[in-house]
Each structure stands twice: as structure tokens, then as C-alpha cells.
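Working through the structure, step by step
Here are the chains, one letter per residue:
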2 protein chains.
Amino acid sequence: MRHFTIELEELNQKLLQMGGLVESAIHRAVRSLVEQDRSLAEEVIRDEPAVNRMEMEIDGLATRLLALRQPVARDLRLLTAALKINTDLERIGDLAVHVAERSLSLMHHPLVKPMTDIPKIASLVQSMLLKCLDAFVRSDADLAHSVLLSDDEVDALRDSIYAELLEIMQRDPSVLTAAIDLIFIARNLERIGDHATNIAEDVVFLVKGIDVRHKALESQ
Amino acid sequence: MRHFTIELEELNQKLLQMGGLVESAIHRAVRSLVEQDRSLAEEVIRDEPAVNRMEMEIDGLATRLLALRQPVARDLRLLTAALKINTDLERIGDLAVHVAERSLSLMHHPLVKPMTDIPKIASLVQSMLLKCLDAFVRSDADLAHSVLLSDDEVDALRDSIYAELLEIMQRDPSVLTAAIDLIFIARNLERIGDHATNIAEDVVFLVKGIDVRHKALESQ
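Nothing here was measured: the structure is a model prediction, and the numbers come from that model.

**Remarks on the overall build of chain A**
A count of helices and strands for chain A gives eight helices and zero strands. From first element to last, N terminus to C terminus, chain A shows the α and β order α-α-α-α-α-α-α-α. Computed over C-alpha atoms, the radius of gyration of chain A comes to 19 Å, within 12% of the 17 Å expected from 2.2 N^0.38 for 220 residues, which places it in the range of a compact globule. Along the first, second and third principal axes, the C-alpha set of chain A runs to 65 × 45 × 20 Å.

Next comes the structure, spelled out in C-alpha cells:
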């Protein structure tokens, strides 16, 4: 049984390592955009296979442990949570790559606004990601819950970015493609927040055994 | 053991039922857009809680079977595949809701083109979804493989929709918001295709035990 504990610890470590990879990808993708730094975006795209390899490794490890250890109760919840969190992290990695690709396509344009709100939404979703991973390691349901509360703020920022860009496009149709790229970047960052929310919900379920997804159902 | 077979069959049936729900949601969302039919879009939005309930039910059933039956080999792969397919189906349901919402916001606009390509991409991703679910029920890896091949066609359609809309916007900035809604609808439909691809990959893994995700890795 001691050995199983070590294996679970290894799984946790790998998930955290994967979290670190995608966190760094988001960070570099957004910096590449703000600083118009082509090489940072290229790094993010180049590093994608490492994230994908990591995903398959974690999937393999979690499935192997399910098969060999036949866990119950909390250990079972931990392994199914690991499978889900792994998928969310991989998608976050994909979204960071999308941001990097759009950043490259924006490289030849003079910077369209709103370059203050995009870093703001980016730092918000990065903090959500850090918190939900932290909550996972520490089995801290309260911390996970705090991530769920950031969702509205992310949506509000995305809406204000959209409104601002729409106004800019209406004034100056020559910035159309650049502005649409920025709208998609805001949308991709928002979706990173959605995945962090998914992870936070998995952590709450893991710790408390309560399913907090689709909360709207409760009030029906 | 006979009993376990019945439980797995029940799980399969529930997944298919969920597949049917989201398939119908896509269908109605796109029809509501093309026919400017408000009530169809409202139906899709109204039915979302049913999809969410189904997701939690399937998750609960798969996790319970993992715990009680402690399956190995193919049965274990089936249960972990069910967990993943379930997540993909729920996201497809979300995307259908997004399409329905944009369709509502387009209700007051005269129809901007391209109303031929959007139904085309929609029917393509619907057929991908039907095929991958069919492949799942019949354990048909070849059929699942055929889904993976549609991905490029979906991307090409999305690109041509984008190019066409961009041209329209440049000519007539008054259609900006409507055109951006359509760009997002095309993108949402494309992402439904991505989720169908995920499911197809899970089916190949289930049947053959081979991980076909991130195929690019093989050539490195």
C-alpha cells in the first residue's frame, strides 16, 4: 500500500509539471502578443508536442493505476479527477498555441488597442489556473471554490474587449483582420478560464465528494 | 459477470441517448439560424439542463462501475473511454447552445451570407458525430478512422466562410456584428468537429488499444 501512495504522488507531480508547462505557454503567448516578440510565440508552438506527450503519459499512468490498484473511494476519485484535469490542461495548452498563432499573424500590424484589457484577462485566467492546481495539491476545496467566483469577471472583461474592438472596426475598417484576431485571443483566454473552472469543480468533487458542476440544476 | 455486461450495456445506451440529445441540439440550432426561427433556438437553450443531467448521470454510473467491478483490459478501457466521450458530448451540447444564442442575436438582422457554407459545415460535423457514435457502438475502428479524415475538410470550410465574411464586412461595415456572429458560429461548428475527432480517437484506442492522438508525435 505504501507503494501505491508513492505512485499517486508521482501522478500528482506529473500533473503539476504539465500545469507548469501550460502556464508558461499562456504567459509566453501573451507576452509575445504585447511585446510583438515573434520568438516567444514560436517557442510556444514548438513546445506543444511536449505537452501532448505529457498528456499521454499521465493518461497511461492513471489508467494503469486504475487497472492494477483497483482503488476505491477517495483514491478512485483522485484517479478519475486526474484523467479529467489532464484533458483540461491539454486543451489549455492548445488554446495557448492558438493565442501564439494569432500573435504571429498580428506581428505585421501596428498594435490595435486594447492592449491593457487582454493582459488583464490573461493574468486573471493564469491566476485561476495556478489557484486550481494549488487547490488540487493541497486538497483545498475553499481555494477551488474561489476560482469559480472569477468566471463572471472574465466574461465581463471579454465583453468589454469585444465592445471596444467593435467600435474601433467601425471607425477604421482597415484594422478588421487584426481586430478579429484580438477578439479570438480574448475568447481563447476566456476559454482557458473555463477549463480552470472545470478543474476547480473536479477538485471540489475530489475533496468533498459533491458535484458542483451545472449548479443551475440545483435551483430547478 | 452477466450482470456487469448488462450494466455496461446500460452505460452504452445512456451515451447514445446523450449523443442523440446533442445531435438534435446541433440540428435545431442550425435550422433556427437558416430559417430565422426563434423558437428552435429557444428549445436548444431550454434543453441544456437535460444534457447536463445526463452527463452527471453517465459520470456517476461509469465511476460506480469502476469502483464496484474493478474491471481490467477492455472493460477498463471502455469505462475510461465512456468518461471521456461523455465530456466531449457535453461540450458539443454547450457549443450547440452557443450557436443557438448567436442565432437569436442574428434574428433581427437581414441574413448576411454565407448561408450555404454554414449548413454545409454543420452537416459535415453532424455526420462526423453520428459516425463516431456508431463506431463506438459497433466497436468499428475503421469507421472511427474515417471520422479523423474529415477534419481537414471542416477546416477548409471554416476558412472559406471566414474569407467570404471578411470581404462582406470590408464592403459594408454595417453588417460587422452580424458577420462576427457568423464567424463564431462557423468556429463553434468546427469545434464540434474537433470533439467528434476526440471521440473517434477514443474509439480507436478502445478497439485497438492504440493511442492515435497527437499523431504528429510519431513522425518526430
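**Details of unusual backbone geometry**
What is expected of a backbone is that most residues other than glycine have negative phi and most peptide bonds are trans. For Q36 of chain A, which is not glycine, the phi torsion reads 45° and is therefore positive. Inspection of the secondary structure puts Q36 of chain A in the loop between α1 (2-34) and α2 (38-46).

**Here we look at the packing of helix α3 (residues 48-69) of chain A against helix α4 (residues 73-105) of chain A**
A pair of packed helices is characterised by two quantities: the angle between their axes and the separation of those axes. Residues and elements named next belong to chain A. Two elements in contact, α3 and α4, have axes whose closest approach is 9 Å; the angle formed by their N-to-C orientations is 170°. Taken together, the axes of α3 and α4 are roughly antiparallel relative to one another. Contacts between α3 and α4 involve E48, V51, N52, E55, I58, D59, A62, L65 and L66 from the first element and L79, A82, L83, N86, E90, G93 and V97 from the second. Tallied by class, residues from the contact of α3 with α4 come to nine nonpolar, three polar and four charged.

**Observations concerning the confidence of the model for chain A**
Regions with low pLDDT should not have their predicted coordinates read in detail. All names here are of chain A. Per-residue confidence for chain A averages 91 on the pLDDT scale, and 96% of its residues sit at or above 70. Element-level mean pLDDT values for chain A span from 92 in helix α7 (residues 151-171) up to 98 in α2. Predicted as a complex, the structure gets a pTM of 0.88 and an ipTM equal to 0.81.

**What about the relation of the copies chain B and chain A?**
Take chain B, turn it by 180°, move it 0.0 Å along the axis, and it overlays chain A with an RMSD of 0.0 Å. Given the turn and translation reported, the copies of this chain are related as if by a two-fold rotation axis. Residue Q70 of chain B, judged by its C-alpha, is the member of chain B lying nearest the rotation axis, at 2.7 Å. In this assembly the copies share their binding face: 100% of the residues contributing to the interface of chain B also contribute to that of chain A.

**Here we look at the interface of chain B and chain A**
Opposite the 28 residues of chain B that make contact, chain A presents 28 residues. Only α2 (38-69), α3 (73-105), α6 (151-171) and α7 (176-208) of chain B provide two or more residues apiece to the side of chain B that touches chain A. Here the side of chain B that touches chain A takes seven residues from α2 of chain B, the largest share from any one element. Class assignment of the residues belonging to the side of chain B that touches chain A gives a composition of 15 nonpolar, nine polar and four charged.

**Focus: the nonpolar core**
If you look at the biggest cluster of nonpolar residues, it comprises 129 residues, and the most contacted ones within it are A96 and C132 of chain A together with A96 and C132 of chain B. Sequence-distant contacts of C132 of chain B, defined by excluding residues within four places in its chain, comprise A144, V147, A196, I199, A200 and V203 of chain B.

**A short note on the packing of helix α4 (residues 117-138) of chain B against α7 of chain B**
Residues and elements named next belong to chain B. Packing of α4 against α7 brings their axes to within 9 Å, and their N-to-C directions diverge by 15°. In terms of orientation, α4 lies roughly parallel with respect to α7. Viewed along their axes, α4 and α7 form a crossing whose handedness is left-handed. Within the contact between the two elements, α4 uses I118, I121, A122, V125, M128, L129, C132, A135 and F136 and α7 uses L182, I185, A186, L189, E190, I192, G193, A196, I199, A200 and V203. For the contact of α4 with α7, the class distribution of residues is 18 nonpolar, one polar and one charged.

**Brief notes about helix α6 (residues 141-148) of chain A**
All names here are of chain A. Restricting attention to buried positions, one finds in α6 the residues L143, A144 and V147. Down the axis of α6, the sector holding all buried residues measures 100°, keeping them to one side. On its buried face, α6 sits against α5 (117-138) and α8 (176-208).

**Some points on the environment of L111 of chain A**
Positionally, L111 of chain A belongs in the loop between α4 and α5. Residues L111 of chain A and C132 of chain A, 21 residues apart in the sequence, show an inter-C-alpha distance of 33 Å.

**Thoughts on the environment of L106 of chain B**
Positionally, L106 of chain B belongs in the loop between α3 and α4. Ignoring anything within four residues of it in the chain, the contact list for L106 of chain B reads L33, A178 and D181 of chain B.

**A look at α6 of chain B**
Along its 21 residues, α6 of chain B runs 31 Å from first to last C-alpha, staying within 8% of the 30 Å computed at 1.5 Å per residue. Every buried residue belonging to α6 of chain B is among V154, L157, R158, I161, L165 and M169 of chain B, and all of these are buried. One face of α6 of chain B carries all of its buried residues, which in axial projection span an arc of 105°. Looking at α6 of chain B, the residues exposed on the side facing more than 90 degrees away from the buried face are D152, A156, D159, A163, E167 and R171 of chain B. Buried positions along α6 of chain B lie against α8 of chain A together with α4 and α7 of chain B.

**Concerning the environment of T63 of chain B**
Position of T63 of chain B relative to the elements: it lies in helix α2. Judged by C-beta crowding, with 18 C-beta atoms within 10 Å, T63 of chain B ranks as partly exposed. Between the C-alpha atom of T63 of chain B and that of L189 of chain B, which follows or precedes it by 126 residues, the distance is 30 Å. Sequence-distant contacts of T63 of chain B, defined by excluding residues within four places in its chain, comprise L76 and T80 of chain A.

Conventions used here
Residues numbered from 1 in each chain as written. Chains lettered and ligands numbered in written order. Predicted model: local features only at pLDDT ≥ 70, side-chain atom pairs only at ≥ 80, totals over all residues. Helix = DSSP H or I, 4+ residues; strand = E, 2+ residues; numbered from the N terminus. Rg over C-alpha atoms; globule rule 2.2 N^0.38 Å. Axes fitted to C-alpha atoms, helices over the stretch in contact; angles between N-to-C directions. Parallel < 35°, antiparallel > 145°, perpendicular 65-115°, else oblique. Contact = placed C-beta atoms within 7 Å. Nonpolar A, V, L, I, M, F, W, Y, C, P; charged D, E, K, R; others polar. pLDDT = per-residue confidence, 0-100. Least-squares fit on C-alpha atoms with pLDDT ≥ 70 in both. Core = buried A, V, L, I, M, F, W, Y, C linked by C-beta atoms within 7 Å. Buried ≥ 20, exposed ≤ 12 C-beta atoms within 10 Å, placed from the backbone. Left-handed = near helix turned anticlockwise from the far one by under 90°. Arc of directions from axis to C-beta. Expected span 1.5 Å × (residues − 1).

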